[in-house]
Amino acid sequence: MGTQIELTASDGVTISAYRADPAGKPRGGLIVCQEIFGVNVHIRSVCDRYAQEGYLAIAPAFFDRVQPGVELGYEPDDIAKGRELMQKVSIDNALKDVAAALAIASEAGKVGIVGYCWGGTVAWAAAGRLDGLSAAIPYYGGGIAGMADKKPRIPTMAHFGEKDHAIPMTDVEKVRAAQPEVIVHTYAAGHGFNCDMRGSYDKPSADLALSRSLEFLRQHVG
């Protein structure tokens, strides 16, 4: 279903991206922000899934800025490598890549953004800083609490796991208190509960979060 494309950011940097097109006329566009594991088979499958729901989905390969073609698994060495790469890509530069993806995704109409793990933090930042988005759906972004005072400028729905080893519920409550207009859902699951390739995968939570996300996109994107 998907194809590899190239994006050129405002600073002239060219990166790759995965693009998944729906079968018929798109309902809208969707930018999918990667975890620390790159635009790997899981992130591509997320794009494919949203394309099946009618959205033109594009996942920019943020890590291409420092190392092209990164696709990691979920073993300890992969996690360490992903964290190392993440620290070399600033949020500012990731947002430049999101903006480049947005320019293409907007061909489909209104555009939303969804992100997982580090990508959830990027999606939250995009909601407050980028023009042209219509909805944001960050999943378990570890940096969100640190930006809780940055008000999203678009409708935003956040998903967190109640058993997340990296994001305590005190952080979730901080987000709720700082931004009461943001819809915050929590699940009896851990970090990465949406990824069916990780040991922390929790299908009931992932299915419920997806159904809520699709309803949210129908409401705000199309």
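What comes next concerns the included structure. (Residues numbered from 1 in each chain as written. Predicted model: local features only at pLDDT ≥ 70, side-chain atom pairs only at ≥ 80, totals over all residues. Heavy atoms only, no water.)

Quick look at the packing of helix α3 (residues 91-105) against helix α4 (residues 118-129)
Two measures define how a pair of helices packs: the angle their axes make with one another and the distance between the axes. We apply this condition: Only C-alpha atoms enter the line fits that serve as axes; for helices the fit covers just the stretch in contact. Angles between N-to-C directions range over 0 to 180 degrees. To qualify as a helix, a DSSP run of H or I must reach at least 4 residues; to qualify as a strand, a run of E must reach at least 2; elements of each kind are numbered from the N terminus. Any angle between 65 and 115 degrees counts as roughly perpendicular, while under 35 counts as roughly parallel, over 145 as roughly antiparallel, and the rest as oblique. The criterion used for residue contact is that any of the two residues' heavy atoms lie within 4.5 Å. Polar here means any residue outside two lists: the nonpolar Ala, Val, Leu, Ile, Met, Phe, Trp, Tyr, Cys and Pro, and the charged Asp, Glu, Lys and Arg; Gly therefore counts as polar.
Interhelical geometry of α3 versus α4 gives an angle of 75 degrees and a closest axis separation of 10 Å. The angle between α3 and α4 falls in the class roughly perpendicular. Across the interface between the two elements, Ile91, Asp92, Ala94, Leu95 and Val98 of α3 pack against Trp118, Thr121, Val122, Ala125, Ala126 and Arg129 of α4. Of the residues contributing to the contact of α3 with α4, the split by class is eight nonpolar, one polar and two charged.

Considering the environment of Ala126
Selection rule: The buried label applies to any residue whose accessible area, calculated with a 1.4 Å probe on protein chains only, is under 20% of its type's maximum; exposed applies above 50%, and partly exposed to all values in between.
You can see Ala126 is positioned in helix α4. A relative accessible area of 0% places Ala126 in the buried class. Measuring from C-alpha to C-alpha, the distance between Ala126 and Asp92 comes to 9.5 Å, with 34 residues separating the pair along the chain.

A few points about the nonpolar core
Nonpolar side chains in soluble globular proteins generally cluster together in the buried interior. Put simply, the test is: Remark: nonpolar core denotes a set of buried residues (Ala, Val, Leu, Ile, Met, Phe, Trp, Tyr, Cys) joined through side-chain atoms within 4.5 Å.
Of all hydrophobic cores here, the largest spans 82 residues; its most connected members are Ile31, Val32, Tyr50, Ile113, Tyr116, Leu133 and Tyr139. Per-element tally for this core: the top contributor is α3, with eight residues.

Quick notes on helix α6 (residues 203-220)
Where we set the bar: Here the expected length of a helix is defined as 1.5 Å per residue gap, with one fewer gap than residues. The directions considered for the arc are those from the helix axis to the C-beta atoms.
With 18 residues, α6 extends 25 Å from end C-alpha to end C-alpha; this agrees with the ideal 26 Å at 1.5 Å per step. Buried within α6 are the following residues: Ser205, Ala206, Ala209, Leu210, Ser213, Leu214, Phe216, Leu217 and His220. The buried residues of α6 occupy an angular sector of 165 degrees when the element is viewed end-on, so they sit on one face. Exposed positions of α6 whose direction lies more than 90 degrees from the buried face are Pro204, Glu215 and Gln219. At the exit of α6 stands Gly222, carrying a positive phi of roughly 150 degrees.

Section: the packing of aromatic side chains
The condition is simple: Between the rings of Phe, Tyr and Trp (Trp by its six-membered ring), a pair exists once the centres lie within 6.5 Å; its type follows the angle of the planes, with under 30 degrees stacked, over 60 edge-to-face, and the other angles tilted.
Applying the stated criterion to the full structure yields eight aromatic pairs. Between the aromatic rings of Tyr139 and Phe193, the centroid separation amounts to 6.2 Å while the plane-to-plane angle is 45 degrees, which identifies the pairing as tilted. Of the two residues, Tyr139 is situated in strand β6 (residues 135-139) and Phe193 in the loop between β8 (183-187) and α6; the sequence distance between them amounts to 54 residues. Clustering of aromatic rings is evident, with ring pairs tying together Tyr116, Tyr139, Tyr140, Tyr187 and Phe193.

Brief notes about the layout of surface pockets
Note the threshold: In the cavity and pocket records, a cavity denotes points on a 1 Å grid over the protein atoms alone where a 1.4 Å probe fits but cannot get out, a pocket denotes an open set with protein on both sides within 12 Å along at least 5 of 7 lines, and lining residues are residues with an atom within 4 Å of a point. Grid points are joined across faces, edges and corners, and a volume is the space filled by probe spheres set on the points.
In this model, the largest pocket occupies a volume close to 330 Å³. Taken together, 18 residues form the lining of the largest pocket, with Ile36, Arg83, Met86, Cys117 and His191 sitting closest to its centre. Elements represented by at least two residues in the lining of the largest pocket include exactly α2 (76-86) and α4. The element contributing the most residues to the lining of the largest pocket is α2, with three residues. For the lining of the largest pocket, the residue count by class is 10 nonpolar, six polar and two charged. The computed volume of the second largest pocket comes to approximately 270 Å³. Along the wall of the second largest pocket there are 14 residues; nearest its centre are His42, Val46, Arg49, Asn194 and Leu210. Of all the secondary-structure elements, those providing two or more residues to the lining of the second largest pocket are α1 (41-52) and α6. The element best represented in the lining of the second largest pocket is α1, accounting for five residues. Residues that form the lining of the second largest pocket fall into these classes: seven nonpolar, three polar and four charged.

Concerning the environment of Arg212
Position of Arg212 among the secondary structure elements: in helix α6. With relative accessibility at 25%, the residue Arg212 sits in the partly exposed group. Each C-alpha atom, one on Arg212 and one on Phe193, is 15 Å from the other, the two residues being 19 residues apart in sequence. Residue contacts for Arg212: discarding those within four places in its chain leaves Met157, His159, His185 and Tyr187.

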